[in-house]
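Examining the three-dimensional arrangement
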Amino acid sequence: MDIRFNKHSLLLLAVFLGCLVMLVARWLEQSLVASLLIGYPLLVCFGYFLGVMALKRGSIVSLVEYSGGIPGVLLASFALALWMIPRWMDASVAILNIGIFKYLSLIFLVGFMLGCSWPRMHFITRAVVKIEFLTMLFRLGWIYVISPDRLCNNYLFGEQVLLGKSFLVIALLLTVVFCVPLFIAQDKCGEGQVYCRR
Amino acid sequence: MKFWVGIILSICVTAVGFSALSAATHGFSVWTEEGQRRWNAMHHPEPLPAFEWRNQSLNRHSLASLSKPIVLLDFIYTRCPTVCQLMGYEFSQLQTMLAQRQLQDSVELVSISFDHGYDTPVRMANYLSRYRADTRNWQAGIIEDKDSLSLLLKQLGVVVLPDGQGGFVHNAAFYLIYKGTLVSIHNQNQLSKLLSEIETLTWSF
């Protein structure tokens, strides 16, 4: 398929999709589980694809490129950490402006930054990010399951426990997904592969 | 050269990120909405909005009309099967402890119901008698004006959610009010801490 869009129509399409994604995320906020397991990934994925596209079109500043993607992934971690704090999750539901700031930062500071950093990252950095993400999911899941207090004012206690359990299940599944390739012998010597048949 | 740009940029992002997270949590101490409310009460005490309630003996009262300078407020609903029962029990314990310390004339305990359609003065009276309350410094009331009830709940950060089984989920906390101003918010099971703060307040008058 070789359809060429001009710059403006692509930008317009991105803005339209962005608004749509934000609306869906707002709607999903009625449920804690849906908001975190569908809403957040949706916003981040949208930003990620924007980032990958920006990288392909070469329109991104080359700063990301020669820093091995590390500043970008650090920025993404901090931004994501902020929106995992119960107080700010509550605030983003209660106050529309904070909500909009949340959607925009999940798209641009998390998704976009990951999108233009990930393809440029060393495999060791990637592994560190993956492991840190997994352990964070396990820790959060654990906290949500055992916490005797309701952490978010806007959601019921049962939902918090359900979210914790979902985090644990997802973390387990992701562990399998990340580990399986490690048990498969590498045939080709690709970039960043230390042990392979030459 | 390019190498250093990446490293310096990473250090800057980390510094900014840490400061931002630290600012967002008041130095990594406030993580929840409720924590923020308590932080505000401690650091920037604000007068509460005016509100009136009708108590178990049908009298109208407001914070200003009470003769005692310290008011301890909690929010309940009488058909609550769980947390409010504990709160009522703790209030009755507290009442005994206050009497032991001769503080019964300085502190008024006020239980306010947010169950607008169901609770009546008669039900509030039943609630009090369930805990053998001494009504000289413990009263239970209903805020009849819905707007001022929701304004008060909003300012105190009390969120009441229906639990889908005819009851409500709500923050179970005690609100310590001194001369019309919220000075602190206390959890359940912290009666000794609450009591020592009340004693500190009474030294100031």
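Since the model is a prediction, treat every value here as computed from it, not as a measurement.

**Details of the overall build of chain A**
Tallying secondary structure elements over chain A gives seven helices and zero strands in all. Walking chain A from its N terminus toward its C terminus, one meets helices and strands in the order α-α-α-α-α-α-α. Across the 198 residues that make up chain A, the buried fraction comes to 41%. Once local pairs closer than 6 in sequence are excluded, the contacts in chain A between residues at least 24 apart make up 68%. A total of about 11800 Å² of accessible surface is found on chain A, and carbon and sulfur atoms cover 73% of it.

**Topic: the overall build of chain B**
Helix and strand counts for chain B come out as six helices and nine strands. Taking 2.2 N^0.38 as the reference for a compact globule, 205 residues should give roughly 17 Å; the C-alpha atoms of chain B span a radius of gyration of 21 Å, well beyond that estimate. Dimensions along the principal axes, computed over C-alpha positions, put chain B at roughly 80 × 45 × 30 Å. The buried share of chain B, taken over its 205 residues, is 49%. Residue pairs in contact within chain B that sit at least 24 positions apart in sequence constitute 69% of those at least 6 positions apart.

**Description of empty space enclosed by the protein**
All names here are of chain A. All told, the structure shown has two cavities of 30 Å³ or more when counted by the stated rule. Of the pockets and cavities examined, the largest cavity occupies roughly 40 Å³. Lining the largest cavity are Glu-29, Leu-32, Ser-35, Tyr-40, Met-89, Val-93, Lys-102 and Tyr-155. Contributions of two or more residues to the lining of the largest cavity are made by helix H2 (32-56) and helix H4 (86-94). Element by element, the count of residues in the lining of the largest cavity is highest for H2, at three residues. Of the residues belonging to the lining of the largest cavity, the class tally is five nonpolar, one polar and two charged. Each pocket or cavity is described by its volume, and for the second largest cavity that value is around 30 Å³. Lining the second largest cavity, in full, are Leu-32, Pro-86, Tyr-144, Leu-151, Cys-152 and Gln-160. Considering only residue class, the lining of the second largest cavity consists of five nonpolar, one polar and no charged.

**Re the interface of chain A and chain B**
Taken together, the 22 residues of chain A in the interface contact 27 residues of chain B. Summing the contributions of chain A and of chain B, the shared interface buries around 2000 Å²; its carbon and sulfur component is 72%. Where chain A touches chain B, the interface holds zero salt bridges. If you look at where chain A meets chain B, you find four residue pairs in polar contact (both at pLDDT 80 or more). Every element with two or more residues in the side of chain A that touches chain B is listed here: helix H3 (70-82) and H4 of chain A. Looking at side-chain class alone, the side of chain A that touches chain B contains 16 nonpolar, three polar and three charged residues.

**What about the side chain of Ser111(B)?**
All names here are of chain B. The residue Ser-111 is located in strand E4 (residues 107-113) in this model. Engagement of the side chain of Ser-111 in a polar contact is seen with the side chain of Trp-138, the distance being 3.1 Å. Discounting chain neighbours no more than four positions away, the residues touching Ser-111 are Asp-74, Ile-76, Phe-91, Met-124, Tyr-127, Trp-138, Gln-139, Ala-140 and Gly-141.

**Some words on the domain arrangement of chain A**
Residues and elements named next belong to chain A. Under the domain assignment, chain A is made up of domain 1 (1-121) and domain 2 (122-198). Listed per partner, the contact involves 18 residues of domain 1 and 20 residues of domain 2. Where domain 1 abuts domain 2, roughly 1800 Å² becomes buried across the two surfaces, and 71% of that area is made up of carbon and sulfur atoms. Contact with domain 2 buries surface across domain 1, with Leu-32, Trp-118 and Met-121 losing the most and accounting together for 33% of the total. Where domain 1 touches domain 2, the interface holds zero salt bridges. Summed over the shared surface of domain 1 and domain 2, the result is six residue pairs in polar contact (both at pLDDT 80 or more). At the level of elements, H2, H3 and H4 are the ones that each hand at least two residues to the side of domain 1 that touches domain 2. Its residues placed into classes, the side of domain 1 that touches domain 2 shows 13 nonpolar, two polar and three charged.

**Points about the domain arrangement of chain B**
Accessible area lost on assembly of the parts is the figure often given for the size of an interface. We note that the domain assignment places domain 1 (2-31) and domain 2 (42-203) within chain B. With centres defined by C-alpha atoms, the gap from domain 1 of chain B to domain 2 of chain B works out at 42 Å.

**Some details on the pairing of strand E8 (residues 174-178) of chain B**
Residues and elements named next belong to chain B. The buried count for E8 comes to five of five residues, which makes it a mostly enclosed element. Here E8 shows two buried faces, one formed by Phe-174, Leu-176 and Tyr-178 and the other by Tyr-175 and Ile-177. Here strand E3 (residues 70-76) pairs with E8 via four bridges, running antiparallel. If you follow Leu-73 over to E8, its bridge partner there is Tyr-175.

**Comments concerning the environment of His26(B)**
Note on placement: His26(B) falls in the loop between helix H1 (2-24) and helix H2 (33-43). His26(B) has contacts with Arg87(A), Gln36(B) and Trp39(B), leaving out every residue within four places of it along the chain.

**Structural notes on unusual backbone geometry**
Residue and element names in this part refer to chain B. Backbone geometry places Gln-102, a non-glycine residue, at a positive phi of 60°. Note that Gln-102 resides in the loop between helix H3 (83-100) and E4. Of the residues examined, Gln-102 reaches a relative accessible area of 61% and is grouped as exposed.

Procedures and definitions
- Residues numbered from 1 in each chain as written.
- Chains lettered and ligands numbered in written order.
- Predicted model: local features only at pLDDT ≥ 70, side-chain atom pairs only at ≥ 80, totals over all residues.
- Heavy atoms only, no water.
- Helix = DSSP H or I, 4+ residues; strand = E, 2+ residues; numbered from the N terminus.
- Buried < 20%, exposed > 50% of the residue type's maximum accessible area, 1.4 Å probe, protein only.
- Contact = heavy atoms within 4.5 Å.
- Areas by Shrake-Rupley, 256 points an atom, 1.4 Å probe, with all protein chains shown as cover.
- Rg over C-alpha atoms; globule rule 2.2 N^0.38 Å.
- 1 Å grid on protein atoms, 1.4 Å probe; cavity = no way out; pocket = protein on both sides within 12 Å on 5 of 7 lines; lining within 4 Å.
- Points joined across faces, edges and corners; volume = space filled by probe spheres on them.
- Nonpolar A, V, L, I, M, F, W, Y, C, P; charged D, E, K, R; others polar.
- Buried area = accessible area lost by both parts, 1.4 Å probe.
- Salt bridge = Lys/Arg side-chain N within 4 Å of Asp/Glu carboxyl O.
- Polar contact = N/O pair within 3.5 Å; in protein donor to acceptor, adjacent residues only side chain to side chain.
- Domains from an automatic or database assignment.
- Pairing = 2+ DSSP bridges.

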